[in-house]
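Structural overview for review
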Amino acid sequence: MIASRFLIRFFFLLTTWAAVIQVEAQQMAKISGTVTDLNGKPIELANVAIPGKPGGTSTDRKGGYELLVPARQPITVVFSFVGYTSSSRDLNLQEGERKILNIRLEPSSTILPDITIEDTRIRTTTLTRIDPKASATIPSLSGNAIESLVKTMPGVSSNNELSSQYSVRGGNYDENLVYVNDVEIYRPFLVRSGQQEGLSFLNSDLVSSILFSAGGFEARYGDKMSSVLDIRYRKPVEFGGSASVSLLGANLHLEGISPDARWTYLLGLRQKSNHSMLGSLETKGDYQPSFTDVQGAVNFDINEKWELSFLGNFSRNAYNLIPSDRETDFGTIQEAYRLKIYFDGQEVDRFINYMGALTLAWKPTPGSRYSLTGSAFHTDECETYDLQGQYWIGKLETDLGSNDFGSVTEAQGVGTYLNHARNRLVADVINIEHRGNYTRGLHFLQWGLKWQYEQIDDKINEWVMIDSAGYSLPTNPDSVGYVDPDAQPDRPLFLSELYTTNNFVSSNRFTAFVQDNWELGDSSNKHITLGIRAHYWDLNQQLLISPRATFSVKPRWKRDVVLRLSGGLYYQPPFYRELRDRDGTVYPDVKAQQSIHLVTGADYNFMAWNRPFKLTAEVYYKFLNNLIPYEVDNVRIRYLPTQTATGYAAGFDLKINGEFVKGAESWVSLSVMKTEEDIKDDFYYKYYNQAGEEIIAGYTTNNVVADSLRVEPGYIPRPTDQRFTFNLFFQDYLPGNPSYKMHLNLVYGSSLPFGPPSSPKYLHTLRIPPYRRVDIGFSKMLKSQDKPGKWIFRHFKEIWVTAEVFNLLQFNNTISYLWVTDVNQRRYAIPNHLTPRQINVKLAARF
């Protein structure tokens, strides 16, 4: 009943808004024609737009277009397409006038065709356009090139080169939206480390457009609190493809179009095996990872106004490990230790995903589009392991003058731990969505309605047993002193951790949005976007309303500057992961987390050394409420749904990009950020002995309590509180011979908070060492498109050979900690290090 009333009210709001726009709309003129290349061949999907105004259109498969334009005022119409030089026409038409403009675009010819053509409409929003061509060159150990590019953006941080996950402005991995062709993409549930993760959904070989926003995004994007990544797969105009093979895997993609230009297809195949890379980690053993991904996209033009498209994906990530041993040195210069572990057992993990989306689109007029999409996502994830580790901790000699320097001089403890898991999660997400957009005058109206069904079946059987010096921890009372066996009580075995549960959750969601983008007044330098989003979930019966707005102005200065102000109310309704506690208990009444964004920013286009550059800056503050505290271990997030918190995130981001080397785009980004939370009603006691010493288990000798002090922690750092990040992506080539290229990716991220596992959050104020990394790649073009080849090479447009060096400076980065406890309850935090220096060789061809 609530959902029905909500939909009726939303339809009323939508129709009222459309009526207002109809009244406001001014008289228009119309332009039409075709866009072709110099040979007269139609160019499909060429952009036709008026800079600084909403709307615009793209050409059909015959190169044709129609566009309504303002009358009785000077305008400039720009025609553009990737790989061609843009063309513009100045017009001043009368009301009702129709004008035919046939445009021929020339291929662009630069030293290196890697420059992004800026969409002036994007400047009025918080979205940033990323050049997808850079995904072919950025060094990426994970094989997920799109995410590797996103990680170089300001406000984005990631301390794990093995994972595609990233955090944005103090949010966690679950707070990021990812869309492909307007279909939302989901991340795995059970993955706990970057080694298991494998390939992400995004296939860089198929991508034509990348848009990213780090906050303050529009109402058309869904219900998450941090960021949105909007990906578009391309629509082919001819047959082609690419293939690559390296030490880390192989990729193949094919694309084509039917003779009558009504059918187009994209097919991508990826296989990855990072066996050699994982073998360099501290834990030695037999690694057998295998990650496979198959994707396809098909488009069919039923006629000039109707289009049917399909997007499908199958992914299978398998991770097998039989560990043998591990040796890690840790501590300080004055107090250093060595951990040695011998393993028995194995780990076998399987993550299988299916996704399919079918879209029917109707374009009755050049300024309107209506679509209906049905999509389904299925995941079947299994995590099984039995791993026994027998460990030994020794103290190292730290005296540089000693003959035993670096050797173990004193044993600190021995023990054994046994980790067991039989976990399986099966999830299905089905949705039906309608989207529409309509251009009228200076208004560009968009709306959407969506129903989604979710079903989660989760089985958990996981435990950890710790044995230190022959004692099981935690130690249960013994039966010493009993002489009568019948009088001895039962003494069950207590495990360090035990999680056993079987959960089944099904629910329905209803979402809707409407937003309008229009130009203010008679000038073209002011724009405003107003939108509202609504969400209802029948599991917690919560109705959410999220208003959002963006205002931009281009001052009439000599310099090319755009100023922006955006903000809104952003809710993140819980998904299954937020409902589940550490022990597997599900709390269905958990309410949505809330974030109020305030973002102000500017970008400045300028010339330096006679080359184009762009400087972008944003300052933001996020009010956070009804937060669900969580812990992060590697890439696994464990929520604490029985607790709530308030918090904030504040900072600023800077980015400068341009041709530091003529014809090659590079960029530098810098971010400063602070985020904290205050957990409601949390407190703890400090206990003191008779001597006034604070009692600390395993360290103080007199543990008799004589006094206590209640402490309320207040604001503490959130797990993503990374105060400073710096990223550099730099491209260069040999002067006079651009077939030799160099690509450098440099990352620095300051320390992140952490604490002992399963401990109160106020203890999570320790800091992981900073993350530092330099990756570099060298490429040589063996075959170029403008030079005819011989024999088999004549079938290829380009052939490249690349050598990559990951972690060039051999930084020893830490991703998490292994906690070892001795019989005196003293805990040692042993760092889990990421990958050392690695070398990869890749051969890539485009045909």
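Residues numbered from 1 in each chain as written. Predicted model: local features only at pLDDT ≥ 70, side-chain atom pairs only at ≥ 80, totals over all residues. Heavy atoms only, no water.

1. Some thoughts on the overall build of the chain
Regarding its fold elements, the chain presents five helices and 47 strands. For 847 residues, the compact-globule estimate of 2.2 N^0.38 gives 29 Å, and the C-alpha radius of gyration of the chain, at 29 Å, lies within 12% of that figure. By principal-axis analysis of the C-alpha atoms, the chain measures approximately 105 × 70 × 50 Å. With 847 residues in all, the chain has 53% of them scored as buried. Put simply, 67% of the contacts in the chain that link residues at least 6 apart link residues at least 24 apart. (Helix = DSSP H or I, 4+ residues; strand = E, 2+ residues; numbered from the N terminus. Rg over C-alpha atoms; globule rule 2.2 N^0.38 Å. Buried < 20%, exposed > 50% of the residue type's maximum accessible area, 1.4 Å probe, protein only. Contact = heavy atoms within 4.5 Å.)

2. Side note on the side chain of N727
As for its position among the elements, N727 is in strand 39 (residues 724-734). What makes N727 buried here is its relative accessible area of 4%. With residues up to four places along the chain from it excluded, the contact list for N727 reads K151, T152, V156, W667, V668, S669, L746 and V747.

3. Notes on the packing of aromatic side chains
Applying the stated rule across the entire model yields 31 aromatic pairs. On the basis of an interplanar angle of 55° and a centroid distance of 6.1 Å, the ring pair of F724 and Y748 is categorised as tilted. Of the two residues, F724 is situated in strand 39 and Y748 in strand 40 (residues 737-749); the sequence distance between them amounts to 24 residues. The partly exposed category is assigned to F724, whose relative accessible area is 30%. (Phe/Tyr/Trp six-rings, centres within 6.5 Å; stacked < 30°, edge-to-face > 60°.)

4. Brief notes about the confidence of the model for the chain
In this model, the chain carries a mean pLDDT of 86, and residues with pLDDT of at least 70 account for 90%. Within the model, the stretch residues 6-26 combines pLDDT values under 50 with 35 contacts to residues more than four positions away or in other chains. Scored below 50 in pLDDT, residues 109-118 makes 29 contacts in the model with residues more than four places away or belonging to other chains. (pLDDT = per-residue confidence, 0-100.)

5. Quick look at the sheet that holds strand 6 (residues 87-91)
Read across the open sheet, the four strands follow the order 3-2-5-6; overall the sheet is antiparallel. Each edge of the open sheet carries a strand with a single partner, namely strand 3 (57-58) and strand 6. In this sheet, strand 3 lies alongside strand 2 (residues 47-49) in antiparallel orientation, the contact comprising two bridges. If you follow N47 over to strand 3, its bridge partner there is S58. (Pairing = 2+ DSSP bridges.)

6. Observations regarding the pairing of strand 14 (residues 207-213)
Within strand 14, six of the seven residues are buried, which leaves the element mostly enclosed by the surrounding structure. Relative to strand 14, strand 9 (residues 128-130) runs antiparallel, the two sharing three bridges. If you follow R129 over to strand 14, its bridge partner there is L211. In this sheet, strand 15 (residues 227-233) lies alongside strand 14 in antiparallel orientation, the contact comprising six bridges.

7. Topic: the sheet that holds strand 15
Backbone hydrogen bonds are what pair the strands of a sheet, in a parallel or an antiparallel way. Taken in spatial order, the five strands line up as 9-14-15-12-13 in an open sheet, and their pairing is mixed. Edge positions in the open sheet fall to strand 9 and strand 13 (183-184), since each of these has one partner strand only.

8. A few points about the environment of G312
Topologically, G312 is positioned in strand 20 (residues 306-331). Put simply, G312 and F377 are 65 residues apart on the chain and 9.9 Å apart in space, counted from C-alpha to C-alpha. Ignoring anything within four residues of it in the chain, the contact list for G312 reads V294, Q295, G296, M355 and G356.

9. Quick look at the side chain of E462
Examined against the element boundaries, E462 turns out to sit in strand 24 (residues 443-468). Side-chain polar atoms of E462 contact the side chain of N423, separated by 3.0 Å. Not counting the four nearest positions on each side in its chain, E462 is found in contact with R192, Y385, H420, A421, N423, E497, L498, Y499, R636 and R638. (Polar contact = N/O pair within 3.5 Å; in protein donor to acceptor, adjacent residues only side chain to side chain.)

10. Things to note about the environment of V35
Within the secondary structure layout, V35 lies in strand 1 (residues 28-36). For V35, a relative accessible area of 0% puts it in the buried group. Note: C-alpha distance between V35 and T59 (24 residues apart in sequence) is 7.3 Å. When sequence neighbours within four positions are dropped, the list of residues in contact with V35 reads K41, P42, I43, A46, T59, G63, Y65, F79, I103 and L105.

11. Let's talk about the pattern of salt bridges
With the rule as written, the count across this model stands at 44 salt bridges. For the salt bridge of E327 with R338, the shortest nitrogen-to-oxygen distance reads 3.8 Å. Residue E327 is found in strand 20, and its partner R338 is found in strand 21 (residues 336-362); the two are separated by 11 residues along the sequence. Taken together, the salt bridges that share partners define one network made up of R123, R169, K554, D560, R564, D603, E618 and D653. (Salt bridge = Lys/Arg side-chain N within 4 Å of Asp/Glu carboxyl O.)

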